[in-house]
Amino acid sequence: MSQKVIGVIDEVVKTATIIAKKRDWPVLPIDRNSPKGDFAIICFPAAKILKKDPSWIATEIGKILIDNEGVLSTETEKGYCNVTIDWNKIGADTILEIMGTNYGKGNVKKEKILIEHTSANPTGPFHMGRARNPIIGDSIARLLEYYGHDVSTEYYVNDTGRQAATLAFGVANYKGNGNGKKDHELVECYRSASEDLKNSEDAKSKIYEKMELIESGNKKVLNEVKDAAKMMLEGMKESLKILGTEAETYFHESDLISSGEVVKVIELLKKSNLCKEEKGAYYLDLAKENIAGRNQKFFFTRENGLSLYTTRDIAYHIDKFRRFDRALNILGEDHKLQSKLLGIALRELNSERPQALFYSFVNLPGGKMSTRAGRVVYLDDVMEQIVKLALEKLSETDLSNIDKEILAEQIGIGALRYNILKVQAEKGFTFNIDEALNLQGDSAPFAMYSHARASAILRNYSKNTPNCKLENSLVESEIRLLRTLSKWPNTVEKAVDNLAIHYIPNYIHTLASDFNQFYRDCPVIGNNNENFRINLVVCSKKILSESLSILGLKAPEIM
RNA sequence: GGGCCUGUAGCCUAGCCUGGAAGGGCGUCUGGCUUCUAACCAGAAGAUCCAGGGUUCGAAUCCCUGCAGGCCCGCCA
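**Thoughts on the overall build of chain A**
Thinking step 1. Within chain A, the regular secondary structure consists of 21 helices and 15 strands.
Thinking step 2. Here the C-alpha coordinates of chain A stretch approximately 85 × 65 × 40 Å along the principal axes.
Thinking step 3. Each of the 559 residues in chain A was classed as buried or not, and the buried ones make up 51%.
Thinking step 4. The long-range fraction of contacts in chain A, counting pairs at least 24 apart against all pairs at least 6 apart in sequence, stands at 74%.
Thinking step 5. For chain A, the exposed area adds up to about 26,300 Å²; of that, 47% sits on carbon and sulfur atoms.

In structure tokens:
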């Protein structure tokens, strides 16, 4: 909450505590999200001890609190004493606070944080199942940056191993259909190569030979797979760019082998007390590590002494901590165990460990999304459809065609991102295309529209924002809006502490909704409370714009 | 066999950490644009908060036991 509001509430709570203490009442809990007023004092705990009706206690407290300077009114309902603070007294100061550049920002030591997100294997175009990762990752990055950290984002490219070898084989032996995006084209080569891997012994041996050459550090083959991955990524990056979630840097797994880092990690892990060997393959024995499941052996080399995916991942994280103070990985829930194992290995190497944010998979209404069964919805197609729909809705607007196209992309992509971000990450997410294409209600366009309305008022006002002065007492919709605006810092802090991005869209919807009610009830220009209302519009526009930008969305002036 | 996550109106979802008065949205029905933008607003209907037990003045929230769904348990990535 804004400092001003916190101050008033603390003052009132203090008074209530003193009253309770004087009378030997127990400490009464506070509900800061009461359905009526600004907060409530819960009187039930005192009822049993005092053998009094809780509503009698609430009324008694109310009678005393009403004399407090910051309190406008108190109201008893059941055992609750609902307290409404006097916004007329603190309104102007609250506005001033919201206008400040630090409003909503955290008061923390700036850290260099690396967020690794997306990191999809470069084997084909993104489908919706993958879309949750870049959208959450990018928005968490923006959130932490807003809060005051120095955040970078990185995409880890898995360009070694069987899939990478298969892709390289496919690129060398097949031609794509030659039109369209690079990833949609090359995925044909990959599919043909995957078929060969299953059906042809010759192809299989070639691909496995490639794998071994990769892991043993053969420069020529390493370059070949890296190049194949890069070609595929070219197309995939285009999708990420449209989504607005492209990572700042790309880190190739193959480079960890070329540079010798992987070999170093293997040597270091062999020195761990947990390390054991079986037929030439080395593993960490996790029997005492509370690892669930059947297998407690965490292999980090093959029989032939070469590295595994996990080994390379360990090397990657050691490299991360050479570059950053903190590391955060955005991962699908299938990586939970993997992530735990990585943590143990890093602990054994006395390295710092990354934080992880897991999300559940995206399903389609009929069931799981699966490439194999052909049940796949491409991200590119969804983006195209939703932007097209936004453009249709703009058809009657008085804008140039080029402006319409830019705006339609902002609205459409924004709607897609918002739709995914508003659900908590651990919750299984069913992607319903019709729901995503619905640009009403709890959606990005709803908030963008409120922002455009605020912008319209300020355009029509066409003067500088006056110093805030309250000339008439506030009406209900003004108080509601002010109350919501005052909760922005709490919301950001909660989202940061829990790495829970969905708090932000939830807040945005409340704010936009409160603004729309204010818009209906309160004419601004020419009203005798014009000064205060203009200030309220400026604040609403500011917080709408900042909160949308955390989600990676633009706040349009017109729509 | 074991571990983690999820279960809230016809559908989607917030609230769960830190117990206190079940919030939104979609869809349905009704009403509102000559007044700062109707992608909006107002109203109505719709909920045994998966089930059962426990703790508590009080449980969607905490604990236990089930049930249902998702994910994981490879010398794959």
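We are not done yet, so read on.
**Description of the packing of aromatic side chains**
Thinking step 1. For the coordinates displayed, the defined rule picks out eleven aromatic pairs.
Thinking step 2. Ring centres of Tyr156 and Tyr316 lie 4.1 Å apart, and the angle between their planes is 5 degrees; on these two criteria the pair is classed as stacked. Pair noted here: Tyr156 is in strand E6 (residues 150-157) and Tyr316 is in helix H12 (residues 309-323), with a separation of 160 residues, a long-range link. Each of the two residues, Tyr156 as well as Tyr316, counts as buried.
Thinking step 3. Geometrically, the ring pair formed by Tyr283 and Phe299 is tilted, given 5.0 Å between the ring centres and 50 degrees between the ring planes. Of this pair, Tyr283 sits in strand E9 (residues 281-285) while Phe299 sits in strand E10 (residues 297-299), placing them 16 residues apart in sequence.

**Looking at the protein's contact with RNA strand B**
Thinking step 1. Near RNA strand B there are 74 residues, and of these Arg302, Lys427, Tyr449, Asn460 and Arg520 occur at the shortest range.
Thinking step 2. The protein-proximal atoms of RNA strand B, defined as those within 4 Å of the protein, are 64% sugar or phosphate.
Thinking step 3. Between a phosphate oxygen of RNA strand B and a side-chain N or O atom of Gln424, the distance comes to 3.2 Å.
Thinking step 4. With respect to RNA strand B, the side chain of Arg453 contributes an N or O atom lying 2.7 Å from a phosphate oxygen.
Thinking step 5. Class assignment of the residues belonging to the surface near RNA strand B gives a composition of 31 nonpolar, 21 polar and 22 charged.

**Details of the domain arrangement of chain A**
Thinking step 1. One can read the domain layout of chain A as domain 1 (3-85), domain 2 (117-363) and domain 3 (418-550).
Thinking step 2. Its C-alpha centre places domain 1 at a distance of 56 Å from the equivalent point of domain 2.

**Some remarks on the side chain of Asn82**
Thinking step 1. Tracing the chain through its elements places Asn82 in strand E4 (residues 80-85).
Thinking step 2. Residue classification places Asn82 among the buried residues on the basis of a relative accessible area of 7%.
Thinking step 3. The residues contacting Asn82, other than those within four sequence positions of it, are Ser34, Lys36, Phe39, Ala40, Ser73, Thr74, Glu75 and Glu77.

**Observations concerning unusual backbone geometry**
Thinking step 1. Of note, the phi angle at Lys51 is positive, near 55 degrees, even though the residue is not glycine.
Thinking step 2. Turning to its location among the elements, Lys51 is positioned in the loop between helix H2 (44-50) and helix H3 (54-65).
Thinking step 3. On the basis of relative accessibility, which here comes to 75%, the residue Lys51 falls in the exposed class.
Thinking step 4. Look at Asn290: it is not a glycine, yet its phi comes out positive at around 60 degrees.
Thinking step 5. Judged by relative accessible area, which is 68%, Asn290 ranks as exposed.

**Here's the deal with the pattern of salt bridges**
Thinking step 1. Under the definition given, this model contains 37 salt bridges.
Thinking step 2. Across the pair Lys297 and Glu278 runs a salt bridge, and its minimum N-O distance is 2.7 Å. Residue Lys297 is located in strand E10, and its partner Glu278 is located in strand E8 (residues 275-278); the two are separated by 19 residues in the primary sequence.
Thinking step 3. Its salt-bridge partner being Lys541, residue Glu557 comes within 2.8 Å of it at the nearest N-O pair.

**Topic: helix H20 (residues 503-521)**
Thinking step 1. Under the 1.5 Å per step criterion, the end-to-end length of H20 is 27 Å for 19 residues, consistent within 8% with the ideal 27 Å.
Thinking step 2. All of the buried residues along H20 are Ile504, Pro505, Tyr507, Ile508, Leu511, Ala512, Asp514, Phe515, Asn516 and Phe518.
Thinking step 3. Turning to H20, the residues buried within the fold contact helix H5 (128-147), helix H15 (401-421), helix H17 (444-461), helix H18 (476-486), helix H19 (488-498) and helix H21 (530-550).

**Digging into the state of the cysteines**
Thinking step 1. Throughout the structure, instances matching the rule amount to zero disulfides.
Thinking step 2. Looking at Cys43, it has no disulfide partner, and the nearest cysteine sulfur is the one in Cys81, 6.1 Å off.
Thinking step 3. You can call Cys43 buried: its relative accessible area is 0%.
Thinking step 4. Take Cys468: it sits in no disulfide, and the sulfur closest to it among the cysteines is that of Cys539, at 7.6 Å.

Quick notes on the rules
Residues numbered from 1 in each chain as written. Chains lettered and ligands numbered in written order. Predicted model: local features only at pLDDT ≥ 70, side-chain atom pairs only at ≥ 80, totals over all residues. Heavy atoms only, no water. Helix = DSSP H or I, 4+ residues; strand = E, 2+ residues; numbered from the N terminus. Buried < 20%, exposed > 50% of the residue type's maximum accessible area, 1.4 Å probe, protein only. Contact = heavy atoms within 4.5 Å. Areas by Shrake-Rupley, 256 points an atom, 1.4 Å probe, with all protein chains shown as cover. Phe/Tyr/Trp six-rings, centres within 6.5 Å; stacked < 30°, edge-to-face > 60°. Near = heavy atom within 4 Å. Polar contact = N/O pair within 3.5 Å; in protein donor to acceptor, adjacent residues only side chain to side chain. Nonpolar A, V, L, I, M, F, W, Y, C, P; charged D, E, K, R; others polar. Domains from an automatic or database assignment. Salt bridge = Lys/Arg side-chain N within 4 Å of Asp/Glu carboxyl O. Expected span 1.5 Å × (residues − 1). Disulfide = S-S within 2.5 Å.

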